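A closer look at the structure
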Amino acid sequence: MRHTLEDAARTGRLTPPNQPLSFLTTDDVAALWNDRSQQVESYRQEHPDDIKGIELRQNQASAALQAYRLLSMLEHQLGYQLALPVLGPLSPAAPLPK
């Protein structure tokens, strides 16, 4: 999926409007959570005094964990494996969630 998203970011769009480029599953979100958790530990070892940098990475890992839990709970409650469509890159003007 990452290669497809990089192509989309470079070209602006690979598919017609509202046609998914790919799909995001609980496995993808779990991999993101794992990656973010490893980044926290690596950064903590390399920059033990950068509290803000460590907190930022911890928040990113927590957000990935929350996304995983939400998607997993929805799957469990609905009794279906879910796959969220990826429509394209986020527009530059879109604000980051707080």
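Look up a bit, the structure's there.
Turning to the overall build of the protein chain, a few remarks are in order. Scanning the protein chain from N- to C-terminus turns up three helices and two strands. Element order for the protein chain, N to C, with α for helix and β for strand: α-β-α-α-β. Burial status across the protein chain gives 17% buried among its 98 residues.

Look at helix H2 (residues 26–46): 30 Å from first C-alpha to last across 21 residues, which is about the 30 Å you get at 1.5 Å a residue. For H2, every residue scored as buried is listed here: Thr-26, Val-29, Val-40 and Tyr-43. Buried residues along H2 cover an arc of 115° about the axis, so they all sit on one side. More than 90 degrees from the buried face of H2, the exposed residues found are Asp-27, Gln-45 and Glu-46. Buried residues along H2 sit against strand E1 (22–24) and helix H3 (51–78).

Structurally, Ser-22 is set in strand E1. Since its relative accessible area comes to 16%, Ser-22 is described here as buried. Residues Ser-22 and Leu-87 lie 65 residues apart in sequence; the distance between their C-alpha atoms is 7.4 Å.

Moving on: the side chain of Thr-26. Inspection of the secondary structure puts Thr-26 in helix H2. If we skip the residues at most four places from it in the chain, Thr-26 touches Tyr-68, Leu-71, Ser-72 and Glu-75.

Scanning the model with the defined rule gives one salt bridge in all. Residues Arg-44 and Glu-41 are paired through a salt bridge, measuring 3.4 Å at the closest nitrogen-oxygen approach. One end of the pair, Arg-44, and the other, Glu-41, are both in helix H2, three residues apart, so they sit about a helical turn from each other. The class of Glu-41 is partly exposed, set by a relative accessible area of 40%.

Calculation rules
- Residues numbered from 1 in each chain as written.
- Predicted model: local features only at pLDDT ≥ 70, side-chain atom pairs only at ≥ 80, totals over all residues.
- Heavy atoms only, no water.
- Helix = DSSP H or I, 4+ residues; strand = E, 2+ residues; numbered from the N terminus.
- Buried < 20%, exposed > 50% of the residue type's maximum accessible area, 1.4 Å probe, protein only.
- Expected span 1.5 Å × (residues − 1).
- Arc of directions from axis to C-beta.
- Contact = heavy atoms within 4.5 Å.
- Salt bridge = Lys/Arg side-chain N within 4 Å of Asp/Glu carboxyl O.

Purely geometric stuff here, so don't read any function into it on its own.
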